[in-house]
Amino acid sequence: MPFERPAIIRPPSEWRSYYLPLTSGCSNNTCTFCNYYGVKLRIREISEVKKEIDALALYARQSICLPDIPRVAYAVARTWDGEKVFLQDGDALVYPFLELKEALEYLNEKFPHLERVGIYATAQDVLRRSVDELRSLRELKLGIAYMGVESGDDEVLRKVRKGVNYHQMVEAGRKLKEAGITSSVTVILGLAGVEGREKHAIETAKILSAIDPDYGGALTLTLVPGTPLYEEYRRGEFHPISPFKSLEELKMIIENSNFTDCFFSSMHASNYLSIRGRLPYDKESMIRELEAILARKDPSLLRPEFLRGL
Ligand code: SF4
């Protein structure tokens, strides 16, 4: 089956990157809340990847568009900062290791001034690689890996079929660190529903502290039609938390976190409130900000539901 270019789903910080697909879908397509649920992983031929890199180089130097390169590639190239490349898709680190190295080598050859390559990675992908292998990717400018941790509560991880547990995720974070790859991890407010929310928040603060990433991000659960979690909700088996309860979870995570130096934010479009700061330095001010909002409970202070994104 021919490779189909995936839709652009990327971390907020990659907004000026060039999005280069290596895969589409996700190798761990079992997470019950995710829009990749059940989406089959496809691996793109390395020859196709290199062809697109060639086309990008031609466009960057001479503004020439080739007829057999998708228009979307040129649309992305037009706003590209020329510094960062983001490898798509849901967990591009699953791409066969030697081919991944080949793609990075080729990118470096064609764009010697490239600053950083970013990638989504599952903990499973990271655990599959040795620290030396990860280090060799780092030497080829793979500078940041985005990993969805979602929760530190093993019961929640099992329920949402994440496929890894607390300890495996901490181990994956440790490996990235040892390899010198910047880690950016995300967690999901509301993933345990009403009943499990307190334990979810406490355990999530614990796993974030244990991983001690460079960047931490909170997302808020959005129920996606067609996913098993959405069906659980429709059957009345999953009880979502309210927007203000999501802020209580966020506050609990910040209060109980213990980072060395982490830029922590809730800037993602799924959140009801955007806050950010460097932890531990801004812990008190971030907590105060949340407390002020929670004391007023004024819905007009929150992002309206229709403006929330995935
Ligand atoms: S591993 Fe990540 S991208 Fe893949 S299905 Fe789970 S949450 Fe979605």
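Up top is the structure these notes are about.
This section reports on the structure supplied with the text. Computed from a prediction, not measured in an experiment: that's the story for all the values here.

1. Quick notes on the overall build of the chain
Phase 1 of the analysis: Counting its regular elements, the chain contains 11 helices and 10 strands.
Phase 2 of the analysis: Taken against the 2.2 N^0.38 rule, which gives 19 Å for 310 residues, the C-alpha radius of gyration of the chain at 20 Å falls within 12% of a compact globule.
Phase 3 of the analysis: For the chain, the spread of C-alpha atoms along the principal axes amounts to about 55 × 40 × 35 Å.
Phase 4 of the analysis: The buried share among the 310 residues of the chain stands at 51%.
Phase 5 of the analysis: Roughly 14,300 Å² of accessible area belongs to the chain as shown, and the carbon and sulfur atoms make up 51% of that amount.
Phase 6 of the analysis: Of the side chains in the chain, 42 bear a positive and 44 a negative charge, and the two mean positions are spaced by 2 Å.

2. Considering the site of the ligand
Phase 1 of the analysis: Every residue lining the ligand is accounted for by Cys26, Asn28, Asn29, Cys31, Phe33, Cys34, Tyr36, Thr122, Glu150 and Lys162.
Phase 2 of the analysis: Split by residue class, the shell around the ligand holds five nonpolar, three polar and two charged.

3. Structural notes on the nonpolar core
Phase 1 of the analysis: Judged by nonpolar contacts, the single largest core of 84 residues is most densely connected at Leu87 and Phe264.
Phase 2 of the analysis: For this core, the element with the most residues is helix H1 (residues 46-62), which contributes seven residues.
Phase 3 of the analysis: Counting residues in each nonpolar core, the second largest holds 13 residues, with Cys34, Leu191, Leu229 and Phe238 among its members.

4. Quick notes on the sheet that holds strand S10 (residues 276-279)
Phase 1 of the analysis: Ordered by their spatial adjacency, eight strands build an open sheet running S1-S4-S5-S6-S7-S8-S9-S10, and the pairing between neighbours is mixed. Of all the strands in the sheet, just strand S1 (18-21) and S10 have a single pairing partner and so form its edges. Neighbour to neighbour, the strand axes of the sheet diverge by 25° on average, direction disregarded.
Phase 2 of the analysis: Pairing geometry for S1 and strand S4 (residues 84-88), over four bridges, is parallel. Across the sheet, Pro21 pairs through a bridge with Gln88, a residue of S4.
Phase 3 of the analysis: On the sheet, helix H10 (residues 243-256) packs against strand S7 (182-189), strand S8 (215-220), strand S9 (262-265) and S10 and is oriented at approximately 140° with respect to S7.

5. Some words on the packing of H1 against helix H2 (residues 71-78)
Phase 1 of the analysis: In contact at an axis separation of 11 Å, H1 and H2 are set at 50° when each is read in the N-to-C sense. Compared by their axis directions, H1 and H2 come out oblique. The interaxial crossing formed by H1 with H2 has right-handed handedness. Along its contact with H1, which presents Glu52, Ala55, Leu56 and Tyr59, the element H2 presents Ala73, Tyr74, Ala77 and Arg78.

6. Let's talk about the packing of aromatic side chains
Phase 1 of the analysis: The full count for this structure, using the stated rule, is nine aromatic pairs.
Phase 2 of the analysis: With a centroid separation of 6.1 Å and an interplanar angle of 70°, the aromatic rings of Tyr120 and Tyr146 are classed as edge-to-face. Separated by 26 residues along the polypeptide, Tyr120 in strand S5 (residues 116-120) and Tyr146 in strand S6 (residues 142-150) bring together distant segments of the chain. By the burial criterion, Tyr120 is buried, and Tyr146 matches it.
Phase 3 of the analysis: Between the aromatic rings of Tyr230 and Tyr233, the centroid separation amounts to 6.0 Å while the plane-to-plane angle is 55°, which identifies the pairing as tilted. On the criterion of helical spacing, the pair formed by Tyr230 and Tyr233 is a turn pair, its members being three residues apart in helix H9 (residues 228-234).
Phase 4 of the analysis: Chaining the aromatic ring pairs together yields one cluster made of Tyr18, Trp80 and Phe111.
Phase 5 of the analysis: Taking NZ or CZ as reference, Arg16 lies 5.7 Å from the ring centre of Trp15, over its face.
Phase 6 of the analysis: The ring centre of Tyr166 lies 5.7 Å from the NZ or CZ of Lys206, which sits over that ring.

7. Overview of the pairing of S7
Phase 1 of the analysis: With six of eight residues buried, S7 lies mostly within the body of the structure.
Phase 2 of the analysis: As judged from the six bridges shared by S6 and S7, these two strands associate in the parallel manner. Residue pairing across strands places Glu150 opposite Val187, the latter belonging to S7.
Phase 3 of the analysis: Bridging between S7 and S8 involves six bridges; their strand directions are parallel. Considered in S8, the bridge of Val185 is made with Gly216.
Phase 4 of the analysis: The β-α-β motif built from S7, the intervening helix H8 (residues 197-211) and the parallel element S8 has right-handed crossover chirality.

8. Quick word on the pattern of salt bridges
Phase 1 of the analysis: Counted under the stated rule, the structure contains 26 salt bridges.
Phase 2 of the analysis: Between Glu178 and Arg174 there is a salt bridge; the shortest N-O distance is 2.3 Å. In this pair, Glu178 and Arg174 both sit in helix H7 (residues 166-179), four residues apart, roughly one turn of the helix.
Phase 3 of the analysis: Looking at Glu178, the relative accessible area reads 41%, which means it is partly exposed.

The rules behind the values
- Residues numbered from 1 in each chain as written.
- Predicted model: local features only at pLDDT ≥ 70, side-chain atom pairs only at ≥ 80, totals over all residues.
- Heavy atoms only, no water.
- Helix = DSSP H or I, 4+ residues; strand = E, 2+ residues; numbered from the N terminus.
- Rg over C-alpha atoms; globule rule 2.2 N^0.38 Å.
- Buried < 20%, exposed > 50% of the residue type's maximum accessible area, 1.4 Å probe, protein only.
- Areas by Shrake-Rupley, 256 points an atom, 1.4 Å probe, with all protein chains shown as cover.
- Lys, Arg positive; Asp, Glu negative; His and termini not counted.
- Charge placed at Lys NZ, Arg CZ, Asp CG, Glu CD.
- Near = heavy atom within 4 Å.
- Nonpolar A, V, L, I, M, F, W, Y, C, P; charged D, E, K, R; others polar.
- Core = buried A, V, L, I, M, F, W, Y, C linked by side-chain atoms within 4.5 Å.
- Pairing = 2+ DSSP bridges.
- Axes fitted to C-alpha atoms, helices over the stretch in contact; angles between N-to-C directions.
- Contact = heavy atoms within 4.5 Å.
- Parallel < 35°, antiparallel > 145°, perpendicular 65-115°, else oblique.
- Left-handed = near helix turned anticlockwise from the far one by under 90°.
- Phe/Tyr/Trp six-rings, centres within 6.5 Å; stacked < 30°, edge-to-face > 60°.
- Lys NZ or Arg CZ within 6 Å of the ring centre and 35° of its normal.
- Right-handed = clockwise from strand over helix to strand, strands pointing away.
- Salt bridge = Lys/Arg side-chain N within 4 Å of Asp/Glu carboxyl O.

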